[in-house]
Amino acid sequence: MKKPLIAGNWKMFKTASEAVALVQTIKAAAHTVSDVSIVVCPPFTALTEVSKVLSGTSIALGAQNMYCAPEGAFTGEISPTMLKDLGCRYVILGHSERRQYFKEDDILVHEKLKTALKYSLVPIVCVGETLSEREAKKHFDVVKIQFDESIGRLGKEDIVKVVIAYEPVWAIGTGRTATPDQAEQMHSYIRRLLNERYGKENGSRVLILYGGSVKPDNTKSLMEKPNIDGALVGGASLKAELFAQIILEAQQSRDAGTHS
Ligand code: 13P
């Protein structure tokens with residue numbers, strides 16, 4: 001049985017001291033949880049301090065972005081080696097906000113993905129359609145292109161190290177979650193793409209997270225779906241009690257045994 005993964009994407013919120021206060025409360029609230037992998041992704045400027053608080057715990061540290069080179073003349077960018085040095089194990093890549101506001105495309109996301117794997121970071125690669133794409137019934141096509149271009153060019157040995165996050169853009173920060181059925185439809189589609197390309201044994205090992213207005217009261221119904229292996233949480237990860245509640249809901253749905 002796969003261990004569910006709950007990751008908090010703090011986006012551009014929290015100064016270093018605010019981040020320490022938040023992660024201390026999360027650490028206290030989650031200390032009894034052992035059946036869920038927990039990741040927090042603070043802004044770059046808080047990684048050092050948060051890393052100190054997490055030292056010796058099972059909560060992992062992640063970054064929200066990185067550049068696809070170990071070092072170099074890339075003003076303003078952060079490299080995988082720098083993230084590793086601060087204790088990061090995970091990195092979010094290709095978030096829709098990076099794609100929308102910073103013009104990241106699938107080619108760049110793929111370069112970042114290869115670099116993250118080369119430097120042994122676990123990439124959480126985001127895919128997902130906009131509202132107009134869904135309304136035009138193009139959501140499966142859009143996600144297939146994102147998958148093919150940014151993820152599906154990896155080899156078999158690498159794909160099993162990747163985490164995929166399906167984040168429909170229309171559900172991010174809007175309070176409008178995809179229904180569990182809508183999310184599962186896309187997750188099972190992504191699973192099919194993985195299985196077709198990499199074989200069922202490899203495809204079934206890849207964690208597929210759902211992201212978009214995940215809250216304590218919708219976590220369980222999402223996590224009960226067979227292809228939803230966890231969540232990438234934005235707004236609710238900024239409130240320790242909500243994030244802890246989401247983690248507990250994930251643990252309960254695992255205990256209920258809905259995942260193979
Ligand atoms: P919200 O949970 O705030 O909708 O954000 C989702 C997200 O973008 C996580 O990466």
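Only a predicted model underlies this, so the values are computations on that prediction, with no experimental measurement involved.

About the thresholds
- Residues numbered from 1 in each chain as written.
- Predicted model: local features only at pLDDT ≥ 70, side-chain atom pairs only at ≥ 80, totals over all residues.
- Heavy atoms only, no water.
- Helix = DSSP H or I, 4+ residues; strand = E, 2+ residues; numbered from the N terminus.
- Rg over C-alpha atoms; globule rule 2.2 N^0.38 Å.
- Buried < 20%, exposed > 50% of the residue type's maximum accessible area, 1.4 Å probe, protein only.
- Contact = heavy atoms within 4.5 Å.
- Areas by Shrake-Rupley, 256 points an atom, 1.4 Å probe, with all protein chains shown as cover.
- Lys, Arg positive; Asp, Glu negative; His and termini not counted.
- Charge placed at Lys NZ, Arg CZ, Asp CG, Glu CD.
- Near = heavy atom within 4 Å.
- Polar contact = N/O pair within 3.5 Å; in protein donor to acceptor, adjacent residues only side chain to side chain.
- Nonpolar A, V, L, I, M, F, W, Y, C, P; charged D, E, K, R; others polar.
- Expected span 1.5 Å × (residues − 1).
- 1 Å grid on protein atoms, 1.4 Å probe; cavity = no way out; pocket = protein on both sides within 12 Å on 5 of 7 lines; lining within 4 Å.
- Points joined across faces, edges and corners; volume = space filled by probe spheres on them.
- Axes fitted to C-alpha atoms, helices over the stretch in contact; angles between N-to-C directions.
- Parallel < 35°, antiparallel > 145°, perpendicular 65-115°, else oblique.
- Left-handed = near helix turned anticlockwise from the far one by under 90°.

Engineer: How would you sum up the overall build of the chain? Please name residues and give values.
Structural biologist: From N to C terminus, the chain includes 12 helices and eight strands. For 260 residues, the compact-globule estimate of 2.2 N^0.38 gives 18 Å, and the chain sits close to it at 17 Å. Expressed along its principal axes, the backbone C-alpha trace of the chain runs to roughly 45 × 45 × 35 Å. Considering the chain as a whole, with its 260 residues, one finds that 53% of them fall into the buried category. Partitioning the intrachain contacts of the chain with sequence separation of at least 6 by distance along the chain shows that 73% fall at a separation of at least 24. Within the structure as shown, the chain displays about 11600 Å² of accessible surface, and the carbon and sulfur contribution to it stands at 52%. Of the charged side chains in the chain, 32 are positive and 30 negative; the average position of the first set lies 2 Å away from that of the second.

Engineer: Which residues make up the site of the ligand, and what values do they have?
Structural biologist: With respect to spatial proximity, the complete set of residues near the ligand consists of Asn9, Lys11, His95, Glu167, Ala171, Ile172, Gly173, Gly212, Ser213, Leu232, Gly234 and Gly235. At 2.8 Å from an oxygen atom of the ligand is found a main-chain nitrogen or oxygen belonging to Gly235. For the ligand, the accessible surface in isolation is 310 Å², of which the surrounding protein chains cover 97%. Looking at the shell around the ligand residue by residue, the class counts come to three nonpolar, seven polar and two charged.

Engineer: Go over helix α1 (residues 16-29), please, and point to the residues and values.
Structural biologist: Every α-helix winds through 3.6 residues per turn, so residues three or four apart in the chain are directed the same way. If you check α1, its first and last C-alpha atoms are 20 Å apart, about what 14 residues at 1.5 Å a residue would give, namely 20 Å. For α1, the set of buried residues is Ala19, Val20, Leu22, Val23 and Ile26. At its buried positions, α1 is contacted by β2 (37-41), α2 (47-54) and α12 (240-255).

Engineer: Mind laying out empty space enclosed by the protein, listing which residues take part and the relevant values?
Structural biologist: Under the defined criterion, the tally for this structure stands at two cavities of 30 Å³ or more. A volume near 30 Å³ is recorded for the second largest cavity. Together, Tyr210, Val214, Thr219, Leu222, Met223, Ile228, Gly230 and Ala231 line the second largest cavity. Elements with a contribution of two residues or more to the lining of the second largest cavity: α11 (216-223) and β8 (230-233). Of the residues that constitute the lining of the second largest cavity, the class distribution is six nonpolar, two polar and no charged.

Engineer: So what's going on with the packing of helix α7 (residues 139-151) against helix α9 (residues 180-198)? Residues and values would help.
Structural biologist: Orientation of α7 relative to α9, taken along the N-to-C sense of each, is 40°, at an axis distance of 11 Å. It follows that α7 is oblique to α9 by the angle criterion. Every pair of crossing elements has a handedness; the one defined by α7 and α9 is right-handed. Residues His139, Phe140, Val143, Lys144, Phe147, Asp148 and Ile151 of α7 lie in contact with α9, whose contacting residues are Gln185, Met186, Tyr189, Ile190, Leu193, Leu194, Arg197 and Tyr198. Looking at side-chain class alone, the contact of α7 with α9 contains 10 nonpolar, two polar and three charged residues.

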